[in-house]
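A closer look at the structure
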Amino acid sequence: MRVGVPREIKPDEYRVGLTPAAVREYVAHGHEVLVEQGAGGGAGYGDEAYVKAGAKIVPDAEAVFSGAEMIVKVKEPQAVEWARLTEKHILFTYLHLAPDPAQTEGLLQSGCAAIAYETVTDDAGGLPLLAPMSEVAGRIAVFSAGETLLKHNGGMGLLISGVPGVPPARVCILGGGVVGANAAVMAAGLGAEVVIMERSIPRMRYIDDIFAGRVITRYSTYDSVEEEILKADVVIGAVLTPGAAAPKLVRKEHLSQMKPGAVLVDVSIDQGGCFETSRPTTHKNPTYTVDGVVHYCVANMPGAAPRTSSEALGHATLPFGLRLADKGLDALKTNKHLAKGLNVLKGEITHPAVAEALGKPFKDAYGVWG
């Protein structure tokens, strides 16, 4: 199969769909890999590294899309990219369609098969292709919160770690999954007071065990969330409903009751955000303030660490990508976890949570295949 790797064009996005090491694996499986000139530059991979791995460098994105059967990316396709997709294409990338009807319509019109990293599953019920970026995002969220708390960045002027005799910041993390646990690792490591809000009692037991009581866990209810966000200096939104829009846990009326200069970091922004006042921002302009509360809602937080992120993502996606390249869409018929990643096929939405979130019809993939 001909596999294409275009350069990411979303603002401030420097990750790349395949590293040179991953390209070498595809080539070893007998596939041809087309890489857009400069695609890996932002992550520190020059064109010569891709050539050495066996890729063919092509001059632009048009050459990638027209020449390849399978497109491997990181971020969701932008308008100019979904216009290049056709029925011949398998698209393998993050999609986050639930809050993005325009992209969904573009993919439906293209007729392509669009497989979303974030809805591929595993035997443990996890999301193995979302997990590595969740790990990165959870850790970056704490660094970003600490910077945003500083007075010159709009925060209350609080040092997240405190100093002897002065208490540290209180960090409330909404969700104890991969993002939340990684945020807790960083926040607790910096000396912050950390509270995780979670609804899974087994998950709370796990968190309590691994942190040996260093992190407080609370069962998440409307009352407990409201109580904790009003006490917090930092709130990190880390909730996820696979394929669906994130629930709004912090409402606008809460903001005026929070501490002036408190910081909200919405890691769920790709799925529409879990704060009612969230809207996507970029690394160049990461924050805005509503009712005295600073919002940090960068939609591609891991893009700030493209080398680490590209390698971590590549390790997770490689086995699934190779199956697709080896077998085409037949790989989905023999792998139920990869099949869960199929969001769009032949102009139909094939993931129930995506269809429900967008108010569109759902079509079982096997019915589309016929």
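This text gives an overview of the structure that appears in the document. (Residues numbered from 1 in each chain as written. Predicted model: local features only at pLDDT ≥ 70, side-chain atom pairs only at ≥ 80, totals over all residues. Heavy atoms only, no water.)

In this structure, H96 takes a positive phi of about 50° despite not being glycine. Positive phi values are uncommon outside glycine, yet K346 reaches one of about 50°. Tracing the backbone shows K346 in the loop between β14 (342–345) and β15 (348–349). Judged by relative accessible area, K346 falls into the exposed class, the value being 52%. (Helix = DSSP H or I, 4+ residues; strand = E, 2+ residues; numbered from the N terminus. Buried < 20%, exposed > 50% of the residue type's maximum accessible area, 1.4 Å probe, protein only.)

Our next topic: the pattern of salt bridges. For the structure on display, the rule yields 22 salt bridges. The partner of E62 in a salt bridge is R84, and the shortest N-O contact between them spans 3.1 Å. In this pair, E62 is assigned in helix α3 (residues 61–67) and R84 in the loop between α4 (79–82) and β5 (90–93), connecting sequence segments 22 residues apart. For R84, a relative accessible area of 24% translates into the label partly exposed. The partner of D233 in a salt bridge is K259, and the shortest N-O contact between them spans 2.9 Å. Taken together, the residues span a long stretch of sequence, with D233 in the loop between α9 (222–231) and β10 (234–237) and K259 in the loop between α10 (252–255) and β11 (263–266) at a distance of 26 residues. Accessibility expressed as a relative area gives 6% for D233, which makes it buried. Given the relative accessible area of 30%, K259 is considered partly exposed. Residues participating in the shared-partner salt-bridge network are R170, E193, R218, E227, E228 and K231. (Salt bridge = Lys/Arg side-chain N within 4 Å of Asp/Glu carboxyl O.)

This part covers the packing of aromatic side chains. What describes a pair of aromatic rings is the distance from one ring centre to the other and the angle between the planes of the rings. Enumeration according to the criterion identifies three aromatic pairs in this entry. Considering the side-chain rings of F92 and Y117, the 4.7 Å spacing of their centres and the 85° angle between planes classify their relative orientation as edge-to-face. With F92 in strand β5 and Y117 in the loop between β6 (113–116) and α6 (131–149), the pair connects residues that are 25 residues apart, well separated along the chain. The same class applies to F92 and to Y117, which are both buried. Taking 4.8 Å as the distance between ring centres and 85° as the angle between the ring planes, the aromatic pair formed by Y94 and Y117 counts as edge-to-face. Of this pair, Y94 sits in the loop between β5 and α5 (101–110) while Y117 sits in the loop between β6 and α6; the two residues are 23 residues apart in sequence, bridging distant segments of the chain. Residue classification places Y94 among the buried positions, given a relative accessible area of 4%. Take Y117: its relative accessible area is 0%, and that puts it in the buried class. (Phe/Tyr/Trp six-rings, centres within 6.5 Å; stacked < 30°, edge-to-face > 60°.)

If you trace the backbone, A183 turns up in helix α7 (residues 178–189). For A183, a relative accessible area of 0% translates into the label buried. Between the alpha carbons of A183 and V136 there is a distance of 9.1 Å; along the sequence they are 47 residues apart. Beyond its immediate chain neighbours, meaning those up to four positions away, A183 contacts G138, V142, I173 and I236. (Contact = heavy atoms within 4.5 Å.)

Moving on, we get to the packing of α6 against helix α11 (residues 306–327). The geometry of α6 relative to α11 is characterised by a closest axis approach of 8 Å and an angle of 155° between their N-to-C directions. One finds that α6 runs roughly antiparallel with respect to α11. Together, P132, M133 and V136 of α6 and S309, A312, L313 and A316 of α11 make up the contact between the two elements. Its residues placed into classes, the contact of α6 with α11 shows six nonpolar, one polar and no charged. (Axes fitted to C-alpha atoms, helices over the stretch in contact; angles between N-to-C directions. Parallel < 35°, antiparallel > 145°, perpendicular 65-115°, else oblique. Nonpolar A, V, L, I, M, F, W, Y, C, P; charged D, E, K, R; others polar.)

The seven strands are arranged β9-β8-β7-β10-β11-β13-β12 in an open sheet whose pairing can be described as mixed. Each edge of the open sheet carries a strand with a single partner, namely β9 (216–219) and β12 (287–290). On average, adjacent strands in this sheet sit at an angle of 20° to one another, irrespective of strand direction. With three bridges connecting them, β11 and strand β13 (residues 293–296) associate as parallel partners. Paired with L264 across the bridge in β13 is H295. Sitting on the sheet, α7 touches β7 (170–174), β8 (193–198) and β10, and the angle it makes with β8 is about 170°. Across the sheet, helix α8 (residues 201–211) touches β8 and β9, and the angle it forms with β9 is around 170°. (Pairing = 2+ DSSP bridges.)

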